[in-house]
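A structural walkthrough
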Amino acid sequence: MAVISVPLQAEPNMLSRLMRRPTAAVGIAVLMIIVLAAILAPVIAPYAPTKLSIASRLHPPSLDHLFGTDDLGRDILTRMLYAARTSLTVGFAVVIFASIIGVVLGLTSGFFRTLDAPVSRLIDAMMAFPDILLAIALVAALGATAVNVVVALGVVYAPRLARVVRASTLVIRELPYVEAARALGVPTPVILVRHVLRNVTSPLLVQGTFIFANAILAEAGLSFLGVGISPDIPTWGTMIATGRQYMDQAGWIMMFPGAAIVVTVLSLQLVGDGLRDLLDPRLAKDI
Amino acid sequence: MSAAVIADRAEVAPLLSVQGLTKHFPARNGRIIHAVEDVSFDVRRGSTVGLVGESGSGKTTAGRAILRLVEPTAGKALYDGVDLFSLSAREMRSYRQKLQIVFQDPFSSLNPRMRIAAIIGEALDARGFARGKRRADRVAELLTLVGLSPDHASRYPHEFSGGQRQRIGIARALAVEPEFVVADEPVSALDVSVQAQVLNLLGELQKRLGLTLLFIAHDLSVVEYLCDDVVVMYLGRVMERGPSRLLYAAPRHPYTKALLATAPVPDPTRRRTYVALHGDIPSPIDPPSGCVFRTRCPQAIAACAGIIPPLDDIGGGHHVACIRHNEKTI
């Protein structure tokens, strides 16, 4: 009988190994700066996010307003910092929510043969919808609040996580350590959590990073289309939406939030790529 | 093994009596994989029985079916008189502590994310005793029993070599104080230099703890050293079984002879007649009619396709399933 390859060893020093990859290290550094800026927004922001100043509306970037002002004279840099809080929180909440749904669906379909077909078809059906359309439909049905945006995007991204979890579960279910636990009479729910879930965390983490990036992008998209978070809460998406009308005269209004999205999503992708390479034995270079 | 033991054989009821064990797996297009077909053998208390065959012979499936890690299709496994196959899942749970298994692959048989203390501790929890200090003491005791250091408890599996991992797997199986252990090719994934150590450990533990062993192997030479009785399987069926002393000295089935011929002999002056087996083991989805071995058997005749050879008793507990076993020329 062939020796089965061991998926994904425990990595106590994963972060330090990740930091040794230049692209991933850059991603992590940039992300940390963004997160720190978001947390410290009230301290470092030069103005109040809602302070209107009609006199200084549509100011181009200057020393007073580093990234300029918008149509109501609000400081773009300040609003971007506050918007980062919303975008990152929504993105993170989507990952958590999608993970919970994805793990439950993935574990049950992967572990219990009889549930596999119905749950897998449900996952397929959910994936057949175009992401953003399904999200728009859900938000439209539920109402445009931050919580509903999280719920909608969570439902949209859960099937991807469910597939990843199911695929790993199918492999782990057959491994001797699961059989050993069964031979000891360990109850099935305990086996699922202790032996299966614990060993799908690595692929889950990789996929979660990508979904984080996608969720930030999708949230911005929903806000831009006006079906996202209400416009008085600053998010990068709503800022771009307001800037759209002034694209010719005041390009900076949408340029800087747009850049923030690009930089954040790119760093998350870099970290995700790094993690995937690190955890995938077929791509691993430094074992 | 002494003659007295052989004489006693019939009188003492076996600890485990496998009768007509059959396991079919569903395949594509409604076809059936005949993994194990009508396998019967006895395991006396305190003895070691070797279950031998090539890859695909169904030996591993048979071992797992006895422990109900795969559900058998038919047959009985009388353990101390109780048919394990007729127990409900709940009733089986209480039997699980008496029957344990040691796996072939020392790398995938330990959860990579659990410390050794947790891996062995899980077994202790299943047994339902020992908490806190007593639990840690018991883990240390088990690690010492299998020749590891108690300090190893706080480490992860990837910090160990294959042989050490196999010792941990043995410690886990012994944690519930089983009577009967299935050792599924416990050394075939290890370096040759380590194989002997693990085999010695198993033999020693068996004597010390009075274990009954079902030792699954693909190699008759490993089994010769350890086993009191041997069961030779091919394509899901028993070809020959009996006390190792008789079976090794005078193999009667052409398949056993071929297996023995391929096993390396550590004595250059002693030569075994080389019997070449051609081709691969046929598909268990569509096994040959009659004797399943006939497609590769050097002695096959037309009649072999006609009947499934019964396991004939040829004396001293030695059984062989070959219609030509009486002919002198074979």
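What you see is a predicted model; the values in this text were computed from it and never measured.

Quick look at the overall build of chain A now. What chain A contains, in helices and strands, is 11 helices and 0 strands. Along its sequence from the N terminus, chain A presents helices and strands in the succession α-α-α-α-α-α-α-α-α-α-α. Dimensions along the principal axes, computed over C-alpha positions, put chain A at roughly 80 × 45 × 30 Å. Expressed as a percentage of the 287 residues in chain A, the buried residues total 51%. Summed over all atoms, the accessible surface of chain A reaches about 13300 Å², with 71% contributed by carbon and sulfur.

This next bit is on the interface of chain B and chain A. Tallying the contact residues gives 28 residues for chain B and 25 residues for chain A. Here chain B meets chain A over a buried area of about 2600 Å², counting both sides, of which 55% is carbon and sulfur. The tally of links between chain B and chain A comes to 2 salt bridges. Arg64(B) is paired through a salt bridge with Glu179(A); the nearest N and O atoms lie 2.7 Å apart. Remark: the boundary between chain B and chain A carries 13 residue pairs in polar contact (both at pLDDT 80 or more). Elements represented by at least two residues in the side of chain B that touches chain A include exactly α2 (59–66), β6 (99–102), α4 (116–127) and α6 (162–174) of chain B. Taken together, the residues that form the side of chain B that touches chain A break down as 11 nonpolar, 8 polar and 9 charged.

A separate point is unusual backbone geometry. Residues and elements named next belong to chain B. The phi dihedral of Glu 177 is positive, around 50 degrees, even though this residue is not glycine. The topology assignment puts Glu 177 in the loop between α6 and β7 (180–184). Backbone geometry at Leu 235 places phi at a positive 50 degrees, although glycine is not the residue there. In this fold, Leu 235 is placed in the loop between β9 (229–234) and β10 (237–243).

All names here are of chain B. Here the structure, examined in full by the defined rule, presents 8 aromatic pairs over all chains. For the pair Tyr 234 and Phe 293, a centre-to-centre distance of 4.9 Å together with 80 degrees between the ring planes defines the contact as edge-to-face. In this pair, Tyr 234 is assigned in strand β9 and Phe 293 in the loop between α10 (254–262) and β11 (312–313), connecting sequence segments 59 residues apart. An aromatic cluster is present here, built from Tyr 79, Tyr 95 and Phe 180 joined pairwise through their rings. The ring of Phe 25 carries Lys 23 above its face, with NZ or CZ at 4.8 Å from the centroid. Of note, Lys 98 hangs over the ring of Tyr 95, and the distance from its end group to the ring centre comes to 4.9 Å.

Take α10(B) next. All names here are of chain B. With respect to burial, α10 is a largely interior element, 7 of its 9 residues being buried. Taken as a whole, α10 has its buried residues at Pro 254, Tyr 255, Thr 256, Ala 258, Leu 259, Leu 260 and Ala 261. If you follow the buried residues of α10, they end up packed against β3 (48–52), α8 (220–226), β9, β10 and α9 (244–249).

Considering the arrangement of structural elements, one finds Gln100(B) in strand β6. Using a relative accessible area of 2% as the deciding quantity, one classes Gln100(B) as buried. Among the polar contacts listed, one links the side chain of Gln100(B) to the backbone oxygen of Ala183(A), at a separation of 3.1 Å. Among all residues touching Gln100(B), those that are not within four sequence positions of it are Ala183(A), Leu184(A), Leu67(B), Ala173(B), Val176(B), Pro178(B), Phe180(B), Val181(B) and Val182(B).

Moving on: the packing of α6(B) against helix α7 (residues 192–209) of chain B. Residues and elements named next belong to chain B. One way to put it is that α6 packs onto α7 with a least axis distance of 10 Å and a crossing angle of 20 degrees. Our classification of the angle between α6 and α7 gives roughly parallel. Between α6 and α7 lies a crossing of right-handed hand. Residues Gly 163, Gln 166, Arg 167, Ile 170 and Leu 174 of α6 lie in contact with α7, whose contacting residues are Val 194, Gln 197, Val 198, Leu 201, Leu 202, Leu 205 and Leu 209. Across the contact of α6 with α7, the residue classes break down as 8 nonpolar, 3 polar and 1 charged.

Residue and element names in this part refer to chain B. In space, the 4 strands of this open sheet follow the order β2-β1-β4-β5, with antiparallel pairing throughout. Strands at the two margins of the open sheet, each flanked by one partner only, are β2 (32–43) and β5 (82–83). Bridge analysis of strand β1 (residues 16–26) against β2 gives 8 bridges, and the strand direction is antiparallel. Within β2, the position partnered with Val 18 by the bridge is Phe 41. Strands β1 and β2 of the sheet are contacted by α2, whose axis makes an angle of about 115 degrees with β1.

Before going further, it helps to examine the nonpolar core. Formed by 128 residues in total, the largest nonpolar core has its most connected members in Tyr157(A), Ile170(B), Phe215(B) and Val230(B). With 15 residues, the single largest contributor to this core is helix α9 (residues 188–225) of chain A. Apart from residues no more than four positions distant in its own chain, Ile170(B) is found in contact with Val102(B), Val146(B), Val198(B), Leu201(B), Leu202(B) and Leu205(B). Counting 36 residues, the second-largest nonpolar core is a separate cluster that includes Leu51(B), Ile66(B), Tyr95(B) and Leu214(B).

So, about a nonpolar patch on the surface. Residues and elements named next belong to chain A. A cluster of nonpolar side chains, namely Val 35, Leu 36, Ile 39, Leu 40, Val 43 and Ile 44, defines an oily patch on the protein surface of about 550 Å² accessible area. Looking at the nonpolar patch, the elements that each hand over two or more residues are α2 (22–39) and α3 (41–44). Top contributing element to the nonpolar patch by residue count: α2, with 3 residues.

Reading the values: the criteria
Residues numbered from 1 in each chain as written. Chains lettered and ligands numbered in written order. Predicted model: local features only at pLDDT ≥ 70, side-chain atom pairs only at ≥ 80, totals over all residues. Heavy atoms only, no water. Helix = DSSP H or I, 4+ residues; strand = E, 2+ residues; numbered from the N terminus. Buried < 20%, exposed > 50% of the residue type's maximum accessible area, 1.4 Å probe, protein only. Areas by Shrake-Rupley, 256 points an atom, 1.4 Å probe, with all protein chains shown as cover. Contact = heavy atoms within 4.5 Å. Buried area = accessible area lost by both parts, 1.4 Å probe. Salt bridge = Lys/Arg side-chain N within 4 Å of Asp/Glu carboxyl O. Polar contact = N/O pair within 3.5 Å; in protein donor to acceptor, adjacent residues only side chain to side chain. Nonpolar A, V, L, I, M, F, W, Y, C, P; charged D, E, K, R; others polar. Phe/Tyr/Trp six-rings, centres within 6.5 Å; stacked < 30°, edge-to-face > 60°. Lys NZ or Arg CZ within 6 Å of the ring centre and 35° of its normal. Axes fitted to C-alpha atoms, helices over the stretch in contact; angles between N-to-C directions. Parallel < 35°, antiparallel > 145°, perpendicular 65-115°, else oblique. Left-handed = near helix turned anticlockwise from the far one by under 90°. Pairing = 2+ DSSP bridges. Core = buried A, V, L, I, M, F, W, Y, C linked by side-chain atoms within 4.5 Å. Patch = residues over 30% accessible without salt bridge, like charges linked within 9 Å, V, L, I, M, F, W, Y side chains within 5 Å.

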